[in-house]
Amino acid sequence: MPEHVMTIDGAAVVGEGSFPVIDPARGEAFGDAPECSADQLEEAMASAARAGGPWSGDESHRRAILAKAADALEAAVDEVAPVLTAEQGKPLAGARGEIASSARWLRYFADLDLDREIIRDDDSAVVEIVRRPLGVVAAITPWNFPLSMAAWKIAPALRAGNTVVLKPSPFTPLSSLAMGQVLASVLPAGVLNVVSGGDELGGRMTEHPAVRKISFTGSVATGKKVAAAAAPDLKRLTLELGGNDPAIVLDDADVDRVADRLFASAFANCGQVCIAVKRVYAPERLYGALVDALGERARATRVGDGREEGTQLGPINNRPQLERVLGLLGDATDHGARVVAGGHRLDRPGYFVEPTIVADVEDGVRLVDEEQFGPVLPVVAYRDLDEVTARANDTHFGLGGSVWSSDADRAEQVARRLECGTVWVNTHGALAPEQPFGGLKWSGVGVEHGLPGLFSYTEIQVVHRQKA
Ligand code: NAD
């Protein structure tokens, strides 16, 4: 059997063509992904549509199978984690953690008990809310957490009784293809199809008449195209898009403690996290100390190949993203910003950039205003709390934000003023399967996780039974 195959109607399928996948730690191709042809996409959609009837009929069966899917994925960690590291760049421990987390999501939705929703039961009528599956779901994912982003969609979609056609990013297709094969060993044929191809394959999926819901994670620009493609058919939508999360440090914060956590959040997965801290606002009184503390942590971080023991930070995932991050850094220094630590690409093959702290930078500079999605963190000084919350909110993004203080109540008051889907106090980026997650403004439409996330894969039918 060829190494990397799609899963269509339960079968391992080779592409009619293929495209290379680059190892970002070496900057060269290490494998080929199948290119899904138009006919193969038709087969995937048809098999998902066929599988929907039987799959939607028996909820306890679905729950049992999802639990088995979680077990199967966990059991395949040694096989899948190296593929994820090779194509994404993240350290192996992070790849293993991502697989464990994906299994956790599958298990959460398998275990979730749902009560019947009887909203009226009196002498004259019984009225019940029934949540019906939508049908075929097109799931489209980005390259930063290919498996988690897929599991966040597959788990609730399947639990609710839908079937799925998943398309991973062309930068990181191989781990999702491997996961598709692992899950095919427990899922009925057609329930989960995994196809690979370029951006245009995503476009064809979003326009496909069999699809009743699109669940998309990626950039704002693509999210808008997806929404436009969904409109003629009134396909349902969940969009999880980009962010430019602010972290506001209050003047009573403990600099060392805060620096540890801010650094971890900003640089995890090499900064390629939708809810990474992407701009830090520090009060003038603490500014120098915080910038120094972040700089120390940046210099102490070991950058390298994710397969090497002790690597803390891998490469940026792909060349366009590398160029974008270096471009934003260059633009900031052109505008007078000071590089406190890092600032260079490593002199070795691959897309490595030193973890970089940028000081003396203001709103209005692209590095602060745009989503960098890489290992370069700007730290901006502020004087007045009202002014800084206004600056934090002065953006189309609205994914996450955090406030840091020795007085958590005071921090929470400020946090509640931030216009974003999740606000954290003295932490940043904490998520859980039961915790709804989504973006305000251009950062998204709808939420994933928890009951609201599950319900987004359903539509309501009201059953009203008259008694008398
Ligand atoms: P992207 O928008 O370029 O691509 C995402 C996916 O969409 C890929 O699979 C791509 O092939 C596909 N695609 C591209 N054009 C398409 C089209 N016209 N129709 C349908 N599909 C199409 O994003 P990316 O660069 O892979 O990912 C990085 C972005 O994802 C960042 O902005 C990041 O913040 C965001 N993100 C958001 C979340 C969240 O939960 N909010 C999580 C992770 C990443």
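Structure first, text after, so check above.
Heads up: these notes are all about the structure in this document. Please read all numbers here as calculations on a predicted model, not as lab measurements.

1. Description of the pattern of salt bridges
Okay, step 1: In the structure shown here, the tally under the stated rule is 32 salt bridges.
Okay, step 2: Residue Asp23 is joined to Arg26 by a salt bridge in which the shortest nitrogen-to-oxygen separation is 3.8 Å.
Okay, step 3: Taking relative accessible area as the criterion, Arg26 reaches 43% and is therefore assigned partly exposed.
Okay, step 4: As a salt-bridge pair, Glu128 and Arg116 come within 2.5 Å of each other at their nearest N and O atoms. A residue pair is termed long-range when its members are at least 10 positions apart, and Glu128 in strand E6 (residues 125-133) and Arg116 in the loop between helix H4 (92-111) and strand E5 (117-121) qualify at 12 residues.
Okay, step 5: When its relative accessible area of 15% is taken as the criterion, Glu128 is described as buried.
Okay, step 6: A network of salt bridges, in which partner residues are shared, links Asp23, Arg26, Asp305 and Arg307.

2. Topic: helix H6 (residues 174-184)
Okay, step 1: Across the 11 residues that make up H6, a large majority, nine, are buried.
Okay, step 2: All of the buried residues along H6 are Leu174, Ser175, Ser176, Leu177, Ala178, Met179, Gly180, Val182 and Leu183.

3. Regarding the side chain of Thr356
Okay, step 1: Mapped onto the secondary structure, Thr356 falls in strand E15 (residues 356-359).
Okay, step 2: Within the structure, the side chain of Thr356 is placed 2.7 Å from the backbone oxygen of Glu354, a separation counted as a polar contact.
Okay, step 3: Not counting the four nearest positions on each side in its chain, Thr356 is found in contact with Phe267, Leu329, Val339, Ala341, Gly342, Gly343, Pro375, Val376 and Leu377.

4. Some details on the site of the ligand
Okay, step 1: Near the ligand, the surroundings consist of 30 residues, among which Thr141, Asp199, Ser219, Thr222 and Glu371 are the closest.
Okay, step 2: Side-chain polar atom of Thr222 to an oxygen atom of the ligand: 2.8 Å apart, as the coordinates give it.
Okay, step 3: The protein chains hide 90% of the 860 Å² of surface that the ligand would expose on its own.
Okay, step 4: Elements represented by at least two residues in the shell around the ligand include exactly helix H7 (199-207), strand E10 (211-217) and helix H8 (220-230).
Okay, step 5: Tallied by class, the residues present in the shell around the ligand amount to 13 nonpolar, 12 polar and five charged.
Okay, step 6: Looking at which domains feed residues into the shell around the ligand, each of domain 1 (6-240) and domain 2 (245-425) supplies at least three.

5. Here's the deal with the packing of aromatic side chains
Okay, step 1: Scanning the model with the defined rule gives five aromatic pairs in all.
Okay, step 2: Ring centres of Phe263 and Phe267 lie 4.4 Å apart, and the angle between their planes is 25°; on these two criteria the pair is classed as stacked. Placement of both Phe263 and Phe267 in helix H9 (residues 255-267) is noted, with a separation of four residues, approximately one turn of the helix. The same class applies to Phe263 and to Phe267, which are both buried.
Okay, step 3: Every member of this aromatic cluster is reached through a ring pair, and the members are Trp105, Trp152 and Phe437.
Okay, step 4: Its guanidinium or amino end placed over the ring of Phe455, Arg131 lies 3.6 Å from that ring's centre, counting from NZ or CZ.
Okay, step 5: Sitting above the plane of the Tyr457 ring, Lys213 keeps its charged end 4.5 Å from the centroid.

Criteria and cut-off values
Residues numbered from 1 in each chain as written. Predicted model: local features only at pLDDT ≥ 70, side-chain atom pairs only at ≥ 80, totals over all residues. Heavy atoms only, no water. Salt bridge = Lys/Arg side-chain N within 4 Å of Asp/Glu carboxyl O. Buried < 20%, exposed > 50% of the residue type's maximum accessible area, 1.4 Å probe, protein only. Helix = DSSP H or I, 4+ residues; strand = E, 2+ residues; numbered from the N terminus. Polar contact = N/O pair within 3.5 Å; in protein donor to acceptor, adjacent residues only side chain to side chain. Contact = heavy atoms within 4.5 Å. Near = heavy atom within 4 Å. Areas by Shrake-Rupley, 256 points an atom, 1.4 Å probe, with all protein chains shown as cover. Nonpolar A, V, L, I, M, F, W, Y, C, P; charged D, E, K, R; others polar. Domains from an automatic or database assignment. Phe/Tyr/Trp six-rings, centres within 6.5 Å; stacked < 30°, edge-to-face > 60°. Lys NZ or Arg CZ within 6 Å of the ring centre and 35° of its normal.

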